[in-house]
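Each chain, written out:
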Amino acid sequence: MLEPTPIPACAMPSTLAVRVPKADAKYGGEFEDAVTIEHVRFDQEVPERKTGYQLSDGSKGVVFVDRITSTGAFAVPVDSLVSVDGGDDMAVVACRPRIGFAEVHHWELEVA
């Protein structure tokens, strides 16, 4: 069976710290301890693309997480907090899976 080609590690130079919302929290704003995803790409300015969606107003960009190349990769839930290379926290406002050969190739996280 054919597998989609992973995004090359040389194109994924950053590290992402992810804090997902606590499932058992009574109130919002409580997060699990940070986990790390290595080999991600953060594009602050996204040129017009033919992906079928537009970035929301106030968006800071898109983080690309490859299913194979990104060590520790997972579908990051909306409302998680992420930090790229130790920068400021940003909220995940969308997690869009990109499918290749009937399985997830990578995720595109819109952050604000």
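Summary of the structure given here. Values in this document were obtained by computation on a predicted structure and should not be read as measured data. (Residues numbered from 1 in each chain as written. Predicted model: local features only at pLDDT ≥ 70, side-chain atom pairs only at ≥ 80, totals over all residues. Heavy atoms only, no water.)

1. Things to note about the pairing of strand S1 (residues 14-19)
Here is step 1: Only one face of S1 is buried, namely the one carrying Ser-14, Leu-16 and Val-18, since none of Thr-15, Ala-17 and Arg-19 on the opposite face is buried.
Here is step 2: Judged from the 5 bridges that link them, S1 and strand S2 (residues 35-43) form a sheet pairing that is antiparallel. Counterpart to Thr-15 in the pairing with S2 is Glu-38. (Buried < 20%, exposed > 50% of the residue type's maximum accessible area, 1.4 Å probe, protein only. Helix = DSSP H or I, 4+ residues; strand = E, 2+ residues; numbered from the N terminus. Pairing = 2+ DSSP bridges.)

2. Structural notes on the packing of aromatic side chains
Here is step 1: Enumeration over the complete set of coordinates arrives at 0 aromatic pairs.
Here is step 2: If you follow Arg-19 out to its NZ or CZ, it ends over the ring of Phe-31, 5.5 Å from the centre. (Phe/Tyr/Trp six-rings, centres within 6.5 Å; stacked < 30°, edge-to-face > 60°. Lys NZ or Arg CZ within 6 Å of the ring centre and 35° of its normal.)

3. Details of a negative patch on the surface
Here is step 1: On the surface, Asp-24, Glu-30, Glu-32 and Asp-33 cluster together into a patch of negative charge.
Here is step 2: Along the chain, Glu-30 falls in the loop between S1 and S2. (Patch = residues over 30% accessible without salt bridge, like charges linked within 9 Å, V, L, I, M, F, W, Y side chains within 5 Å. Areas by Shrake-Rupley, 256 points an atom, 1.4 Å probe, with all protein chains shown as cover. Salt bridge = Lys/Arg side-chain N within 4 Å of Asp/Glu carboxyl O. Lys, Arg positive; Asp, Glu negative; His and termini not counted. Charge placed at Lys NZ, Arg CZ, Asp CG, Glu CD.)

4. Thoughts on the sheet that holds strand S3 (residues 61-66)
To summarise the sheet geometry, strands pair through backbone hydrogen bonds and adopt either a parallel or an antiparallel arrangement.
Here is step 1: What the 6 strands build is a closed barrel, ordered S1-S2-S3-S6-S5-S4; its pairing is antiparallel. For this sheet, the mean angle separating the axes of adjacent strands, direction not counted, is 45°.
Here is step 2: Note that S1 and strand S4 (residues 81-84) share 4 bridges and pair antiparallel. Bridge assignment links Ala-17 to a residue of S4, and that residue is Ser-83. (Axes fitted to C-alpha atoms, helices over the stretch in contact; angles between N-to-C directions.)

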